[in-house]
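# Results of the structural survey
Single-letter residue listing:
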Amino acid sequence: MNPAPHPRPAPGLPGRRGLLGGLLAGAALAAVPALAAPARAGARPAPAPASPAGPRATRPLLLGTYTSEGGGGTGIGTAAYDTGTGAITPGPVISGVENPSYLAPHPSGATVYAVAEQGAGAVTAVAIGPDGTYEVLGSRPTGGSGPTHLSVHPSGRWLLSANYTSGSVAVHPIAEDGSLGERTDLVTHSSPPPGPGQGGPHAHQIVTSPDGGHVLAVDLGTDTVYTYRLDTSAGTLTEVSRAALTPGSGPRHLAFHPGGRFAYLACELDNTMVVCAYDPATGALTPGPGQSTGTGSGVSYPAQPVVTGDGAYVYLANRGHNSLTRYAVEGDGAVLRLLDTVPVGGDWPRQLALSPDSSLLFAANQRSSTVTVFGVGPDGSLTGAGTPFPAPVAVCVLPLP
């Protein structure tokens, strides 16, 4: 199946796949090699060679892409990264997974889940064996179209997914072996009305709060963040609160401070970052005013914030400006202070991820088909680590522990 790219209703805003057709026409993409030829699902990349100073640890890295477009990937890419230098070594591809544009791990580390971003949305489970082999466990429909985000509830029993095109969120049970059962709930964001220029709701993210008590869904189309309580016996969602953002701001992704009382929300249509207070008792999210991303007056669409493990710094990917914004976190999480922006070294940074110890930052650059890596200094400074790693239409990067 070759689904059409999901439309963006806002005037002048690129489609979900970032004008992929124009990109593929460029010679630059034609020159980027595929991550690796498809191989058996059980293959894990070999460790990176030892450095002259002695052996270094390597850890697995997974890469999401679009499989339905020419020049895209053929499944979930695998690789290994050097925990000291950030150097990436390519591995084979986990085939049999359609349009895996977002990836999320199970808390046990034994399974990884992928969205199938297409008209008939689905989610796929992939088991990771003790010996490092991979096995595709199967897929389940999400009940909506164009799923773009998913996450696993901290209990490890429920998979949560957000359907962008249809503006709905879904819940699937997770079995003991990591496979998925039939969907237990589907909630469509039918109110409030869509924001200016939007044709309908567009659920873009669904995450569980750090306290585990609530599930939050960010909807770009209705300029709203919905808070739900998950019934962990039945796998159903009940709305308990909603937070209204500035009309036309287009909230996309949020990231919680480890203290659990504040979250940082990227709004892609008005190019702002919003600090939100969170009440664990009620699930209420209270947005503050939009803050600068440091990208100036040019066209740029913030994509995703990430927070260091110690809660000291926040980074934001800026598409268009092709940069990373660095904020210092102050006031126990209540304040973001803009420090600077750093060139990302690629085109259209769609997604960011920190290594488990927050010593490395990875950026998936969709239009340049690369992953760039940065070392994170004690002061939060970013230093480029080596040359960009070629990965076809890189839209998600997931470093594993």
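Residues numbered from 1 in each chain as written. Predicted model: local features only at pLDDT ≥ 70, side-chain atom pairs only at ≥ 80, totals over all residues. Heavy atoms only, no water.

So, about the sheet that holds strand S14 (residues 215-219). Across the sheet, four strands lie side by side as S13-S14-S15-S16; this open sheet has antiparallel pairing. Only two strands of the sheet have a single neighbouring strand rather than two, namely strand S13 (203-208) and strand S16 (236-244). Taking the axes of each pair of neighbouring strands and ignoring which way they run, one obtains an average angle of 25° across the sheet. Where S13 meets S14, five bridges bridge the pair, whose relative direction is antiparallel. What sits directly across from threonine 208, in S14, is valine 215. (Pairing = 2+ DSSP bridges. Helix = DSSP H or I, 4+ residues; strand = E, 2+ residues; numbered from the N terminus. Axes fitted to C-alpha atoms, helices over the stretch in contact; angles between N-to-C directions.)

Moving on, we get to unusual backbone geometry. Note that the residue after serine 191, namely proline 192, is joined by a cis bond; omega there is 0°. Note that proline 192 resides in the loop between strand S12 (185-188) and S13.

Next up on the list: the pairing of strand S3 (residues 76-82). Of all the seven residues making up S3, seven are buried; the element is thus mostly covered by neighbouring parts of the structure. Going residue by residue along S3, you find Ile76, Thr78, Ala80 and Asp82 tucked away on one face and Gly77, Ala79 and Tyr81 tucked away on the opposite face as well. Relative to S3, strand S2 (residues 58-64) is paired through six bridges, and the arrangement is antiparallel. Pairing of leucine 62 across the sheet is with threonine 78, part of S3. (Buried < 20%, exposed > 50% of the residue type's maximum accessible area, 1.4 Å probe, protein only.)

If you trace the four strands from one edge of the open sheet to the other, you get S9-S10-S11-S12, paired in antiparallel fashion. Where the open sheet ends on each side, the last strands, each with one partner, are strand S9 (147-152) and S12. Looking at each pair of strands side by side, their axes are set apart by 15° on average, direction ignored.

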